[in-house]
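Structure assessment
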Amino acid sequence: MTSELKQALHVKKTEQTIPSSDFLSNPYPTYDKLREKNPVYKGNLYKQPGWYITGYEEAVAVLKNTKFKNRIPLPESSKKYEQLKNIQNDMMLFKNQADHKRLRMLVSKGITPSMIESYRLYMEEVVHELLNQVQNKGKMDVVMDFSYPLASHVIAKLLGVPIEDRQQFRDWALSLVPTIDFTRSRKTLENGNEQTKKLLIYFKKLIQNRKQAPQQDLISQLILEEQQGIKLTDDELLATCILLVIAGHETTVNLISNSILSLLSNPEQLAMLKENPSLIERAVEEFLRFESPTQMTARIASEDIEINGTRIKKDEHVYILLGAANRDPKIFINPNVLDITRSPNPHLAFGYGTHFCIGSTLARLEAQVAIQTILQQLDHLQMGTPDPQWRNLIGFRSLKELPLTFKAVSKTNSVLGNEF
Ligand code: HEM
């Protein structure tokens with residue numbers, strides 16, 4: 001690897017290797033360099049030896065091949081993160097074949113398109129309420145004042161978590177997401193383990209509660225399936241709740257925040273969307289492609305497999321850079337240009353194949369409602385910083401904050417009381 005590429009990718013730290021600030025603020029030139037060298041590139045980036053996939057067709061070929069297993073083990077087992085390890089073992093994301101199929105089928109039954117559409121009104125109410133709270137101030141941090149509370153409310157409603165407990169979701173997600181990122185250190189894992197213990201206590205109690213008094217929520221439905229003899233162990237039920245907190249929360253926060261950033265950085269696209277609200281569905285697809293919330297996923301080869309003429313050997317690790325595949329010029333014309341009218345737009349932001357995101361319809365709707373309402377309700381949108389900062393993560397495109405200013409107007413009355 002050239003020293004230039006090495007430099008772009010990382011700087012050394014004591015325990016782990018962390019990405020450079022240039023890479024964090026704009027990873028796409030590095031992806032381009034990797035793809036130009038080889039879309040199936042063998043390397044040891046961030047001290048993770050394996051194959052780095054930056055080409056779109058190659059990414060699809062790996063993701064649709066079930067001989068690549070979805071499991072990258074945690075570093076050498078330690079008692080200090082045993083709970084985290086056990087719970088990850090029971091998550092559908094890290095299961096394969098029959099076990100994966102069974103768990104996925106059970107959860108899919110609880111997240112149907114008609115059920116998601118019934119959430120539209122709730123999302124609209126939450127969005128209006130959150131905007132009402134800042135409208136007279138003329139400024140907000142999109143990440144903390146808007147995207148996080150919205151995503152927490154929706155995922156918590158889906159699971160059936162009481163309103164007063166929803167605030168905790170943010171802390172849980174913030175400490176658990178880094179445990180599945182390249183940048184994870186021992187400290188991150190130990191901290192994630194502590195949070196997992198708290199989550200286990202919380203969800204055990206909630207599940208017990210729902211067993212006694214079922215409600216209209218996903219946990220009650222999964223308990224019913226368990227009781228009807230469809231095999232789902234108590235541990236798998238717990239792991240599913242925790243997976244949904246991680247998978248369904250942070251990613252949606254990032255989609256909404258990154259979309260607003262993309263619009264603020266492309267004022268002509270912002271004006272076009274404001275004038276043509278019917279473009280919202282296409283626009284959200286483009287935001288998913290342009291700043292993909294999940295930038296990377298990983299697999300292990302269960303046998304020798306050939307991808308694009310390259311032999312990947314049994315047990316080798318494969319890192320699929322979704323954010324790079326989504327900017328592959330072989331598939332997307334002018335890939336580094338944000339074009340909210342882009343069609344077709346076959347991006348891989350939700351993955352591909354058997355593990356394709358189960359919450360994609362929910363996330364799409366949430367982003368559509370959120371972005372459209374911001375554009376309708378707030379005027380003179382301007383970015384409050386010339387240099388937005390990104391979290392130190394490689395697998396997720398996640399802003400630390402996104403200060404936004406707009407025209408202040410006097411507040412309207414709250415429709416939902418003080419629950420926010
Ligand atoms: C913009 C928001 C979201 C993005 C970008 C996203 C992205 C992804 C990706 C890339 C995968 C595939 C991972 C792989 O193949 O290794 C995935 C899987 C998954 N997602 Fe999402 N996701 C989002 C929102 C959600 C939501 C809202 C939920 C829950 C309601 C959810 C639940 C899941 C689950 C359970 C899986 C595992 C599916 C399986 O293993 O079969 N996601 N997501």
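In this text the structure is predicted, and so the values were computed from the model without any measurement.

Each value, and the rule that gives it
- Residues numbered from 1 in each chain as written.
- Predicted model: local features only at pLDDT ≥ 70, side-chain atom pairs only at ≥ 80, totals over all residues.
- Heavy atoms only, no water.
- Near = heavy atom within 4 Å.
- Polar contact = N/O pair within 3.5 Å; in protein donor to acceptor, adjacent residues only side chain to side chain.
- Helix = DSSP H or I, 4+ residues; strand = E, 2+ residues; numbered from the N terminus.
- Nonpolar A, V, L, I, M, F, W, Y, C, P; charged D, E, K, R; others polar.
- Expected span 1.5 Å × (residues − 1).
- Buried < 20%, exposed > 50% of the residue type's maximum accessible area, 1.4 Å probe, protein only.
- Contact = heavy atoms within 4.5 Å.

Focus on the site of the ligand
- For the ligand, the set of nearby residues contains 29 residues, the closest of which are His-100, Arg-104, Thr-297, His-355 and Cys-357.
- Residue His-100 places a side-chain N or O atom 2.6 Å away from an oxygen atom belonging to the ligand.
- Thr-297 places a side-chain nitrogen or oxygen 2.6 Å from an oxygen atom of the ligand.
- Listed by contribution, the elements that provide at least two residues to the shell around the ligand are helix H6 (97–110), helix H9 (142–159), helix H13 (234–247), helix H14 (250–265), strand S7 (296–301) and helix H18 (360–377).
- Looking at the shell around the ligand, its residues break down into 16 nonpolar, eleven polar and two charged.

Describing helix H8 (residues 120–134)
- The terminal C-alpha atoms of H8, which comprises 15 residues, lie 22 Å apart, in line with the 21 Å expected from a rise of 1.5 Å per residue.
- Among the residues of H8, Tyr-122, Met-123, Val-126, Val-127, Glu-129, Leu-130, Leu-131, Asn-132 and Val-134 are the ones counted as buried.
- In this structure, the buried side of H8 is in contact with strand S6 (139–141), H9 and H18.

Focus: unusual backbone geometry
- Of the consecutive residues Ser-343 and Pro-344, the connecting peptide bond is found in the cis state with omega at 0°.
- Mapped onto the secondary structure, Pro-344 falls in the loop between helix H17 (322–325) and H18.
- One non-glycine residue, Asn-308, adopts positive backbone phi at about 50°.
- Here Asn-308 is to be found in the loop between strand S8 (305–307) and strand S9 (310–312).
- On the basis of relative accessibility, which here comes to 53%, the residue Asn-308 falls in the exposed class.

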